[in-house]
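Structure assessment
Each chain, written out:
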Amino acid sequence: MNKFTVELEWDAVDSIVVQTLKNQYNGLKKDLDRRLNDEETSGIFLSDKVEDVACIWRHLDSIKIVLSYNMNHTDFKDWENNK
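These notes cover the structure that comes with them.

**With respect to the overall build of the chain**
- Looking only at helices and strands, one finds three helices and zero strands in the chain.
- Each helix and strand of the chain, placed in order from N terminus to C terminus, yields the pattern α-α-α.
- Relative to the globule expectation of 12 Å for 83 residues, the C-alpha radius of gyration of the chain, 16 Å, shows a markedly less compact shape.
- Seen through its C-alpha atoms, the chain measures out along the principal axes to roughly 45 × 40 × 15 Å.
- Expressed as a percentage of the 83 residues in the chain, the buried residues total 25%.
- Looking at the chain alone, contacts between residues at least 24 apart form 43% of all its contacts between residues at least 6 apart.

**Thoughts on the nonpolar core**
- Core analysis: the biggest nonpolar cluster contains 13 residues, and Leu60, Ile63, Leu67, Met71 and Trp79 have the highest contact counts within it.
- Those elements that place two or more of their residues in this core are α1 (10–36), α2 (49–70) and α3 (73–82).
- Those residues in contact with Met71, other than ones at most four positions away along the chain, are Val18, Lys22, Phe76 and Trp79.

**What about the packing of α1 against α2?**
- Contact geometry for α1 and α2: axes closest at 10 Å, N-to-C directions at 160°. As far as their axial angle goes, α2 and α1 are roughly antiparallel. Crossing angle aside, the handedness with which α1 passes α2 is left-handed. Facing α1, whose interface residues are Asp14, Val17, Val18, Leu21, Lys22, Gln24, Tyr25, Leu28, Lys29, Leu32, Arg35 and Leu36, α2 presents Lys49, Asp52, Val53, Ile56, Trp57, His59, Leu60, Ile63, Lys64, Val66, Leu67 and Asn70.

**A closer look at α1**
- For α1, which comprises 27 residues, the first-to-last C-alpha distance of 38 Å matches the rise-based estimate of 39 Å (1.5 Å per residue) to within 8%.
- All of the buried residues in α1 are Val18, Leu21, Lys22, Tyr25, Leu28, Asp31, Leu32 and Arg35.
- On the buried face of α1, the contacting elements are α2 and α3.
- Note on α1: the residue one or two positions beyond its end, Asp38, has a positive phi of about 60°.

**Quick notes on the packing of aromatic side chains**
- Considering all chains together, one arrives at two aromatic pairs under this definition.
- On the basis of an interplanar angle of 75° and a centroid distance of 5.1 Å, the ring pair of Tyr25 and Trp79 is categorised as edge-to-face. Separated by 54 residues along the polypeptide, Tyr25 in helix α1 and Trp79 in helix α3 bring together distant segments of the chain.
- When its relative accessible area of 4% is taken as the criterion, Tyr25 is described as buried.

Criteria and thresholds
Residues numbered from 1 in each chain as written. Predicted model: local features only at pLDDT ≥ 70, side-chain atom pairs only at ≥ 80, totals over all residues. Heavy atoms only, no water. Helix = DSSP H or I, 4+ residues; strand = E, 2+ residues; numbered from the N terminus. Rg over C-alpha atoms; globule rule 2.2 N^0.38 Å. Buried < 20%, exposed > 50% of the residue type's maximum accessible area, 1.4 Å probe, protein only. Contact = heavy atoms within 4.5 Å. Core = buried A, V, L, I, M, F, W, Y, C linked by side-chain atoms within 4.5 Å. Axes fitted to C-alpha atoms, helices over the stretch in contact; angles between N-to-C directions. Parallel < 35°, antiparallel > 145°, perpendicular 65-115°, else oblique. Left-handed = near helix turned anticlockwise from the far one by under 90°. Expected span 1.5 Å × (residues − 1). Phe/Tyr/Trp six-rings, centres within 6.5 Å; stacked < 30°, edge-to-face > 60°.

As C-alpha cells, this is what we get:
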C-alpha cells in the first residue's frame, strides 16, 4: 500500500470535518426515524427500543454540539433551522 502526505489549509480541514458530521447526523436521524416507525427492530445501539431511541437522541445532540463548535454561528443556525 502506498502512503501519501497531503497538506491542507485549516479551513479545508474544517470543511471536511463539518461535512462529515452533517452526513453522520443525517444518517443517524434516518436511523432514528426507522427505529421510531419500527422499520429497524434490532436496534442501532441497544436492543430495547426506548433505550435505543434515547441513545440515538444523545448522539444527535452530541453531533450538534461539535458542529456548533466547528461552524460559525450564522452557518450553524442556518443549518439547524433547515436540517
